[in-house]
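Structure assessment
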Amino acid sequence: MRILLLLAACLVCQPLLAGETRAIVGAALVDVIEGQVIPDAVVVIRDGRITAAGPAAETPVPEDAERIDLEGKWLIPGLMNMHVHLGLILPGLMAAEHATESDAQLVLRMADNARQSLYAGVTTIRQPGDRRHADIALARAIDRGVLPGPRIVSSGEMLNITGGHGASMGTHYDGPYEMRKAARLQVRAGAQWLKIAISGGIATPVGGIGQGLMTPDEISAVVDIAERHGIKVTAHSGSDHATREAVELGVHGVEHGYFLQRPTLQLMAERGTWYVPTIVVSQPASFDFFERIGSPPWYMARVYEVGQDHWRALEMAVEEGVNIALGTDQFPYEPNDGTTATVREAEYYVEAGMTPLQALRSATLASARMLGMDDSIGSLSPGKHADIVAIEGDPLADISALRSIGFVMKGGQVYRHDWE
Ligand SMILES: [Zn+2]
């Protein structure tokens, strides 16, 4: 059924030719900057960018525009998911299935995951660590229009220490000299962020999740190289004290944060450090997913170990006003509780105390700000890329309206239109 749907979606792919104009009419526009809804809006798109957006009464539709009628729907910016590994392999049956995967097979699998992510309404992703720079090659192919997929911001390969989280992914580095080399290798390959694994993680059986395994000189070496290149560093961290140390050393973002405590979150809020919770990885909505991919008992024990603390950390982060960008650490389209991981993650943010507007921003404008790309994506504003998703309800009234995604446009090109 899913394959049929995707084939059908491909038939509506209409490249926007240079000089061609489209106008979306009849829908309500969700303005994530002002936090309001404009009923009966018009969005004009030319050369892949939004040239005008506002109430129909004040926003004329150019005569030559191709009209896309989305009456009764709500328009939101394309969703952004800031923690995606398109080449994800988790322990258990999934790892066994991909044990002999070649680079060529990896790239094809990632391309398929990219396509499914886009059809699920996700128009931009950040990849905090994938394999052998396949994500950078894929990002370039998508940018050239060769393959359908979201915009990809990559951090290249994750920088791991021997015996730490992710070390099974291949290369690992020890000491500041090796870290500098490792960081520079990612920059040379085209990484726009750097990712370090400073504590243990769920998916690696060795190294405590709450332990700070990477040393200050290693962390500082990576931050230094990143800053010389004008890029940012994010840290995989389950540990409270490792996070505190990394934030003090100048790390710009924190992933997961299973055991974060209030003083560390207050420090992050003060410093403007970004937090990408990936809350779905430790909550009951994902247990079906772990069963599906055949996760082993030791893995599930680590999931259960962090679940409650992770939830409390998210609640406190919301209370303390920490900058939160949405990320899932699962494929953006992965089924969770009858919707996708991306949408379920946003729902969890509301359950943890965010308003629906804050949750929607975490998946749009806030993520764009974290990437330093809010001049080109993250809201439906003139001048920005026409990355537009349509849904069947008002997400500011109920975030679960995101479950009804039926239209996806990226860069002015329609990739999915279920209501045609
Ligand atoms: Zn991850």
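All values derive from a computational prediction rather than experimental measurement.

Rules used throughout
- Residues numbered from 1 in each chain as written.
- Predicted model: local features only at pLDDT ≥ 70, side-chain atom pairs only at ≥ 80, totals over all residues.
- Heavy atoms only, no water.
- Donors = N, O, S within 2.8 Å, 3.2 Å for Na, K, Ca; no water.
- Helix = DSSP H or I, 4+ residues; strand = E, 2+ residues; numbered from the N terminus.
- Buried < 20%, exposed > 50% of the residue type's maximum accessible area, 1.4 Å probe, protein only.
- Pairing = 2+ DSSP bridges.
- Domains from an automatic or database assignment.
- Contact = heavy atoms within 4.5 Å.
- Buried area = accessible area lost by both parts, 1.4 Å probe.
- Salt bridge = Lys/Arg side-chain N within 4 Å of Asp/Glu carboxyl O.
- Polar contact = N/O pair within 3.5 Å; in protein donor to acceptor, adjacent residues only side chain to side chain.
- Phe/Tyr/Trp six-rings, centres within 6.5 Å; stacked < 30°, edge-to-face > 60°.
- Expected span 1.5 Å × (residues − 1).
- Axes fitted to C-alpha atoms, helices over the stretch in contact; angles between N-to-C directions.
- Parallel < 35°, antiparallel > 145°, perpendicular 65-115°, else oblique.
- Left-handed = near helix turned anticlockwise from the far one by under 90°.
- Nonpolar A, V, L, I, M, F, W, Y, C, P; charged D, E, K, R; others polar.

Those donors, His-83 (NE2), His-85 (NE2) and Asp-329 (OD), are the protein atoms that reach the zinc ion, and they lie 2.0 to 2.4 Å from it. Within one chain, the residues serving as donors to the zinc ion are arranged as H-x1-H-x243-D. With a gap of 244 residues between them, His-85 in the loop between strand E6 (79–81) and helix H2 (93–97) and Asp-329 in the loop between strand E13 (323–324) and strand E14 (335–336) connect regions that are remote in the sequence. For His-85, a relative accessible area of 13% puts it in the buried group. With a relative accessible area of 16%, Asp-329 lands in the buried category.

This part is about the sheet that holds E13. Taking strand neighbours across the sheet as the criterion, the 5 strands line up as E9-E10-E11-E12-E13 in an open arrangement whose pairing is parallel. Both edges of this open sheet fall to strand E9 (193–197) and E13, since each of them pairs with a single strand only. Across 5 bridges, E9 lies against strand E10 (residues 232–237) in parallel orientation. By the bridge assignment, Trp-193 is partnered in E10 with Lys-232.

To continue, consider the domain arrangement of the protein. Domain parsing of the protein yields domain 1 (2–78 + 378–417) and domain 2 (80–371). For domain 1 and domain 2, the distance between their C-alpha centroids amounts to 29 Å. On the side of domain 2, 33 residues touch domain 1, which itself brings 33 residues to the contact. Summing both sides of the interface, domain 1 and domain 2 together bury roughly 2500 Å²; the carbon and sulfur share of this comes to 64%. Viewed at the interface, domain 2 and domain 1 are joined by 2 salt bridges. For Asp-387, the salt bridge is made with Arg-151, and the minimal N-O distance between the two is 2.8 Å. If you look at where domain 1 meets domain 2, you find 9 residue pairs in polar contact (both at pLDDT 80 or more). Every element with two or more residues in the side of domain 1 that touches domain 2 is listed here: helix H1 (2–11), strand E5 (74–77), strand E17 (407–410) and strand E18 (413–417).

Secondary-structure assignment places Tyr-299 in helix H10 (residues 297–319). Residue Tyr-299 is classed as buried on the basis of its relative accessible area, which comes to 5%. Sequence-wise, Tyr-299 and Thr-204 are 95 residues apart; in three dimensions their C-alpha atoms are separated by 8.2 Å.

The next subject is the packing of aromatic side chains. All chains considered together, the criterion is met by 6 aromatic pairs. A ring pair is formed by Phe-289 and Phe-290, whose centres lie 5.3 Å apart and whose planes are at 50°; its orientation type is tilted. On the accessibility criterion, Phe-289 (1% relative accessible area) is buried. Using a relative accessible area of 3% as the deciding quantity, one classes Phe-290 as buried. Connected via pairs of aromatic rings, a cluster forms that spans Phe-289, Phe-290, Trp-298 and Tyr-299.

Turning to helix H3 (residues 103–119), a few remarks are in order. Compared with the 24 Å implied by 1.5 Å per residue over 17 residues, the 25 Å span of H3 between its first and last C-alpha is a close match. Residues of H3 that are buried include every one of Leu-106, Arg-109, Met-110, Ala-111, Asn-113, Ala-114, Gln-116, Ser-117, Leu-118 and Tyr-119, and no others. Of the residues flanking the end of H3, it is Gly-121, one or two places downstream, whose phi is positive at about 95°.

This part is about the pattern of salt bridges. For the structure on display, the rule yields 19 salt bridges. For the salt bridge of Arg-46 with Asp-64, the shortest nitrogen-to-oxygen distance reads 3.9 Å. Taken together, the residues span a long stretch of sequence, with Arg-46 in strand E2 (residues 36–46) and Asp-64 in the loop between strand E3 (49–55) and strand E4 (66–69) at a distance of 18 residues. A salt bridge links Arg-262 to Glu-319, with the nearest nitrogen and oxygen atoms 2.9 Å apart. Of this pair, Arg-262 sits in helix H8 (residues 262–271) while Glu-319 sits in helix H10, and the two are 57 residues apart along the sequence.

For the rest of this paragraph, the subject is helix H11 (residues 341–351). Among the 11 residues in H11, 9 count as buried, and that is most of the element. Inspection of H11 places Ala-341, Thr-342, Val-343, Arg-344, Glu-345, Ala-346, Glu-347, Tyr-348 and Tyr-349 among the buried residues, and these make up the whole buried set. One or two steps after H11, the chain reaches Gly-353, where phi turns positive at roughly 125°.

Put simply, side chains in a regular strand alternate between the two faces of the sheet. Where strand E1 (residues 21–31) meets E5, 2 bridges bridge the pair, whose relative direction is parallel. Within the sheet, the bridge partner assigned to Leu-29 lies in E5 and is Leu-75.

This brings us to unusual backbone geometry. Positive phi, normally seen in glycine, also occurs at Asp-40, with a value near 45°. Structurally, the position occupied by Asp-40 is in strand E2. Judged by relative accessible area, Asp-40 falls into the partly exposed class, the value being 46%. Of note, the phi angle at Asp-337 is positive, near 50°, even though the residue is not glycine. Note on placement: Asp-337 falls in the loop between E14 and strand E15 (339–340).

Once that is clear, we can look at the packing of helix H5 (residues 175–189) against helix H6 (residues 216–228). Axis separation between H5 and H6 bottoms out at 8 Å; the angle between their running directions is 30°. On the basis of the axis angle, H5 is roughly parallel to H6. Between H5 and H6 lies a crossing of right-handed hand. For the pair H5 and H6, the contacting residues are Gly-175, Pro-176, Met-179, Arg-180, Ala-183 and Arg-184 in the first and Asp-217, Glu-218, Ala-221, Val-222 and Ile-225 in the second. Broken down by class, the residue content of the contact of H5 with H6 amounts to 6 nonpolar, 1 polar and 4 charged.

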